[in-house]
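Chains, contacts and geometry: an overview
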Amino acid sequence: MKIIIMMVLSFLLATHGLGWVDTDKTPAITMQGEFDTVLPESRSLASQSESKEQVNPDLIGNGIVADGMYWRYNGKQMLLLGGMAYGEPHLTPKAELVRELDKLKAAGGNYMRMTMVSVFQKTRVQGTHPFVKCSDGKFDLNQLNPTFWNYVKELFEETQKREMIVQVELWDQWEFYKGSYDKTYWNPKNNLNYSSSATELETFLPKEPYKQSPAFFYANSDHNKTVVLKYQRAFINKLLEVAKPFNNIIYQIGNESTEPQDWNDYWAKYIKNNAGKKVYVTDQREDYNSGGNLTYVLNNPDIYNFIDVSQVGIRYVTADYNQRHYNDLINVRNKILASGIKRPMNNTKGYKWIRSWGDAGKGDEGVSINRLWHGVFAGLAGFGFHPSHYEVDSRSGSAMMPNVLQNIKSMRMLEERVDIMRMSPSNHHLNERSTDEDYAFASESQYAVYFTGKADRTVTLTRSTSERIKLVWLNPDVGKLSEPIKITDTTITLQAPGIGRHIAILYASSNSQHPL
């Protein structure tokens, strides 16, 4: 199979009578470099079977299971898409939670982030924490708060009913910084159970966590802090107890982790050893650029059996930030394949901002939507949008916003027509491709090309067979499909039907829920 991209509008106008007009023509540039190479999976693209899927018997059954580079749930392949408006969805009143989950489900969503930290709350259930708060304002870490843990149980119940996957985040270094640390129950000044002098835990942390190494993250390795470890274990033990009856939960040790690696290893192993069943665990390492800080996670599949890339390549401020982000995802994917142990690659919080935190800019919802499309086309098994708190001007997140939900629906429309999990990133087959112009995903008789709206938006596709296929264009922002075109030509020249995002979908009837 060979894919070549060149865009010529006249072919479609003359051959298929499509009345789309393009007025923005920019000379295309060949994109070359180290990231043009995508490592093959166990089967070559040309030899991939399009026959009915053969399922490993070990993957049939209840619950979330890794299946190579993707996931299965209850025996079915599942691409994870979603994101909730709040990072603590369990701390949402029950009636509102049900409405939110139904809204996400209706859009095709099946995936969310859930942080166990309660001091960041922007939800509508305020002041609900995992430990009991006494009349004097201090927490008693010997008393678990049943209200909080019932909220956790309700979220697990409601999401499992809807076949939604919850990625539970255990710790967050930003809880140990300035105002958040001033409020947390882990701060010695805020609980009845240990003092700063006895444990060496700070009462004030003025610097960013990666600049000062909070003592809390050494409780597993410092005998002076064994009393702190006792309460940390009680917290995690309760989580595992509540989670045990449910089959839709995967675990993430830290958020934007910069803690000592042995801290994260400790809790990854602790979760696996005490969950009472097989579970999937990752660590989201802080890594703004090339994925280098993920090396330890990638090299230790016995500890971390899936990968989270949310922090990879997120602070590029140059004009080619989308291309560089895609390149970094391909880099991580290549490392997974080179390891010989395939693991799903999730992005649990897709950001909408592209600037550094020092910049006052608010970001752009379109950035997160672009990351959804080129991320899935880079091989992501899961993509969740960063919580938005329903704030239009939120700098980080856009989850549950109308256009985000529409693009999740559109991704499901693509899934109805091609088998995403049998396809591979295929940018290296594109000819005369400009930076961030388009992204290809393909297998032998099914192709998808995501056009970002940049450059001349043109593509020529050369196929190895003359098998009849169907071409449709999808506008993901409105969920609109063009009329289908039946094609037997081996060389097909395409042009996106207008400015903005478009996806060209070419597929054989044998692969689709929509036969010719």
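If you're wondering where the values come from, they're calculated on a predicted model, not measured in any experiment.

**A few points about the overall build of the protein**
Across its full length, the protein carries 12 helices and 23 strands. Burial statistics for the protein: of 516 residues in total, 59% are counted as buried. Partitioning the contacts of the protein with sequence separation of at least 6, the portion at a separation of at least 24 is 73%. For the protein, the exposed area adds up to about 19,500 Å²; of that, 49% sits on carbon and sulfur atoms.

**A closer look at the environment of isoleucine 408**
Among the structural elements, isoleucine 408 can be located in helix α12 (residues 402-415). In the structure, isoleucine 408 is positioned 25 residues away from phenylalanine 383 in sequence and 9.8 Å away in space, judged by C-alpha atoms. If we ignore the near neighbours within four places in the chain, the residues touching isoleucine 408 are Leu81, Gly82, Leu104, Ala107, Gly108, Gly109 and Phe385.

**Remarks on the environment of isoleucine 499**
Along the polypeptide, isoleucine 499 turns up in the loop between β22 (491-495) and β23 (502-507). When its relative accessible area of 70% is taken as the criterion, isoleucine 499 is described as exposed. Between the C-alpha atom of isoleucine 499 and that of lysine 454, which follows or precedes it by 45 residues, the distance is 8.0 Å.

**Remarks on the packing of helix α10 (residues 321-339) against helix α11 (residues 365-376)**
Where α10 contacts α11, the axes come no closer than 10 Å and their chain directions differ by 35°. In this structure, α10 meets α11 at a crossing whose hand is right-handed. Seen from α10, the contacting residues are Tyr321, Asn322, His325, Tyr326 and Leu329; seen from α11, they are Val367, Asn370, Arg371, His374 and Gly375. Tallied by class, residues from the contact of α10 with α11 come to four nonpolar, five polar and one charged.

**Examining the pattern of salt bridges**
Inspection of the entire model under this criterion finds 20 salt bridges. For glutamate 163, the salt bridge identified is with lysine 76, shortest N-O distance 3.3 Å. Of this pair, glutamate 163 sits in the loop between α3 (146-161) and β9 (165-172) while lysine 76 sits in strand β4 (residues 76-78), and the two are 87 residues apart along the sequence. Judged by relative accessible area, which is 24%, glutamate 163 ranks as partly exposed. Note that lysine 349 is salt-bridged to glutamate 256, the shortest N-O span being 2.7 Å. Placement of the pair is lysine 349 in strand β13 (residues 345-350) and glutamate 256 in the loop between β10 (249-255) and α8 (261-274), with a sequence separation of 93 residues.

**A word on empty space enclosed by the protein**
Scanning the model with the defined rule gives three cavities of 30 Å³ or more in all. Counted as a void, the largest cavity has a volume near 50 Å³. For the largest cavity, the full set of lining residues is Met84, Ala85, Tyr86, Pro89, Thr92, Glu96 and Glu100.

Parameters and conventions
Residues numbered from 1 in each chain as written. Predicted model: local features only at pLDDT ≥ 70, side-chain atom pairs only at ≥ 80, totals over all residues. Heavy atoms only, no water. Helix = DSSP H or I, 4+ residues; strand = E, 2+ residues; numbered from the N terminus. Buried < 20%, exposed > 50% of the residue type's maximum accessible area, 1.4 Å probe, protein only. Contact = heavy atoms within 4.5 Å. Areas by Shrake-Rupley, 256 points an atom, 1.4 Å probe, with all protein chains shown as cover. Axes fitted to C-alpha atoms, helices over the stretch in contact; angles between N-to-C directions. Left-handed = near helix turned anticlockwise from the far one by under 90°. Nonpolar A, V, L, I, M, F, W, Y, C, P; charged D, E, K, R; others polar. Salt bridge = Lys/Arg side-chain N within 4 Å of Asp/Glu carboxyl O. 1 Å grid on protein atoms, 1.4 Å probe; cavity = no way out; pocket = protein on both sides within 12 Å on 5 of 7 lines; lining within 4 Å. Points joined across faces, edges and corners; volume = space filled by probe spheres on them.

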